[in-house]
Amino acid sequence: MYYLLSISDNYPENLWFKYDRKVSPNHLKFKMGQVYSSETIKPVFRLNKKINNKKFAQFDWFWSDGPNFVSPRLVDYFQNQMSDDIQLIDADVWINDVLFQDYKIPNILHSIRCIDLAKSDFEFLINDESDGPKNFNKYILTNDSLGMHKICRASEQLTTIVVQESFAIDCKELKVNGLDFLTV
């Protein structure tokens, strides 16, 4: 069974980070399903709000207006269980004037055709471009399309992340906070 990766209902709005586009690499590089070649520019996330540090420490998957990033606890899991599927990119996370290190962007390395376009319900956002952006009302995923990969970007819509059931189970057992898994 496959799931769509989604933001969790309990993820607080005040933990939505800004991706510092002025000093960071182009955020679209992390949505391509390709290896990110190391650059000297380190991605930077910022949050300039008063937040509770205990609340921040409760989460493992963080959302932003650019790529997402993960906590050191989830980094360990990815390094041990998903090194063929995810490249971890060092990131600097700033909350007000405090720097948090050891957070990383999980760059998903594979883009796979896994949405059955004939059975899914969607509209083209730009005319009738078959490879253009789509707005999905209903996803139907193709069975066995991920093969041995635990996570991928759907090549039909690169912003859509599809995961194997085993990844969802691992995250629930690890009590990963900040993401959810939608059945389709």
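The rules we used
Residues numbered from 1 in each chain as written. Predicted model: local features only at pLDDT ≥ 70, side-chain atom pairs only at ≥ 80, totals over all residues. Heavy atoms only, no water. Helix = DSSP H or I, 4+ residues; strand = E, 2+ residues; numbered from the N terminus. Rg over C-alpha atoms; globule rule 2.2 N^0.38 Å. Buried < 20%, exposed > 50% of the residue type's maximum accessible area, 1.4 Å probe, protein only. Contact = heavy atoms within 4.5 Å. Areas by Shrake-Rupley, 256 points an atom, 1.4 Å probe, with all protein chains shown as cover. Lys, Arg positive; Asp, Glu negative; His and termini not counted. Charge placed at Lys NZ, Arg CZ, Asp CG, Glu CD. Arc of directions from axis to C-beta. Phe/Tyr/Trp six-rings, centres within 6.5 Å; stacked < 30°, edge-to-face > 60°. Salt bridge = Lys/Arg side-chain N within 4 Å of Asp/Glu carboxyl O. Core = buried A, V, L, I, M, F, W, Y, C linked by side-chain atoms within 4.5 Å.

Caption draft 1: Spatial organisation of the overall build of the protein. What the protein contains, in helices and strands, is three helices and 13 strands. For the protein, whose C-alpha radius of gyration is 17 Å, the value lies close to the compact-globule estimate of 16 Å for 184 residues. Considered along the principal axes of its C-alpha atoms, the protein spans approximately 50 × 40 × 30 Å. Counting every position in the protein, which comprises 184 residues, the buried fraction comes to 48%. Sequence-distant contacts, at least 24 apart, represent 65% of the contacts inside the protein between residues at least 6 apart. Accessible surface, the protein: about 10200 Å² in total, of which carbon and sulfur atoms supply 47%. Of the charged side chains in the protein, 21 are positive and 25 negative; the average position of the first set lies 6 Å away from that of the second.

Caption draft 2: Structural context of helix α3 (residues 165-173). Inspection of α3 places Phe167, Ala168 and Cys171 among the buried residues, and these make up the whole buried set. Looking straight down α3, one finds that the buried residues subtend no more than 100 degrees of arc, so they occupy a single side. Away from its buried face, by an angle of more than 90 degrees, α3 presents the exposed residues Lys172 and Glu173. Those residues of α3 hidden inside the fold are in contact with β1 (2-7), α2 (72-81), β11 (151-154), β12 (157-164) and β13 (179-183). Directly beyond the C-terminal end of α3, a positive phi value near 55 degrees is found at lysine 175.

Caption draft 3: The arrangement of the packing of aromatic side chains in detail. Applying the stated criterion across every chain yields a total of 25 aromatic pairs. Aromatic side chains tyrosine 11 and phenylalanine 59 sit 5.3 Å apart centroid to centroid with 80 degrees between the ring planes, which places their arrangement in the edge-to-face category. Of this pair, tyrosine 11 sits in the loop between β1 and β2 (18-19) while phenylalanine 59 sits in the loop between α1 (53-57) and β4 (61-62), and the two are 48 residues apart along the sequence. Judged by its relative accessible area of 2%, phenylalanine 59 falls in the buried class. Consider the rings of tryptophan 61 and phenylalanine 78, whose centres lie 6.5 Å apart with planes at 80 degrees: the pair is edge-to-face. Pair noted here: tryptophan 61 is in strand β4 and phenylalanine 78 is in helix α2, with a separation of 17 residues, a long-range link. Neither tryptophan 61 nor phenylalanine 78 differs from the other in exposure class; each is buried. By way of ring pairs, the aromatic residues Tyr3, Tyr11, Trp16, Phe59, Trp61, Trp63, Tyr77, Phe78, Phe167 and Phe181 are connected into one cluster.

Caption draft 4: Focus on the pattern of salt bridges. Scanning all chains against the criterion turns up seven salt bridges. Between lysine 42 and aspartate 92 there is a salt bridge; the shortest N-O distance is 3.3 Å. Of this pair, lysine 42 sits in the loop between β2 and β3 (44-47) while aspartate 92 sits in strand β6 (residues 86-95), placing them 50 residues apart in sequence. Assessed through its relative accessible area of 15%, aspartate 92 is described here as buried. For arginine 73, the salt bridge identified is with aspartate 60, shortest N-O distance 2.8 Å. Of this pair, arginine 73 sits in helix α2 while aspartate 60 sits in the loop between α1 and β4, placing them 13 residues apart in sequence.

Caption draft 5: Representation of the nonpolar core within the structure. Judged by nonpolar contacts, the single largest core of 40 residues is most densely connected at Leu5, Phe17, Phe56, Phe78, Ile151, Phe167 and Phe181. Counting residues per element, this core draws most heavily on β6, at five residues. Core analysis: the second largest hydrophobic core is formed by 13 residues, Tyr2, Leu4, Leu146 and Ala154 among them.

Caption draft 6: Geometry of the environment of threonine 159. By the secondary structure assignment, threonine 159 is in strand β12. Relative accessible area serves as the criterion here: at 56%, threonine 159 is assigned to the exposed category. Each C-alpha atom of the pair threonine 159 and tyrosine 2 lies 16 Å from the other, and the pair is 157 residues apart in sequence. Look past the residues within four positions of threonine 159 in its chain and what remains in contact with it is Lys31 and Arg153.

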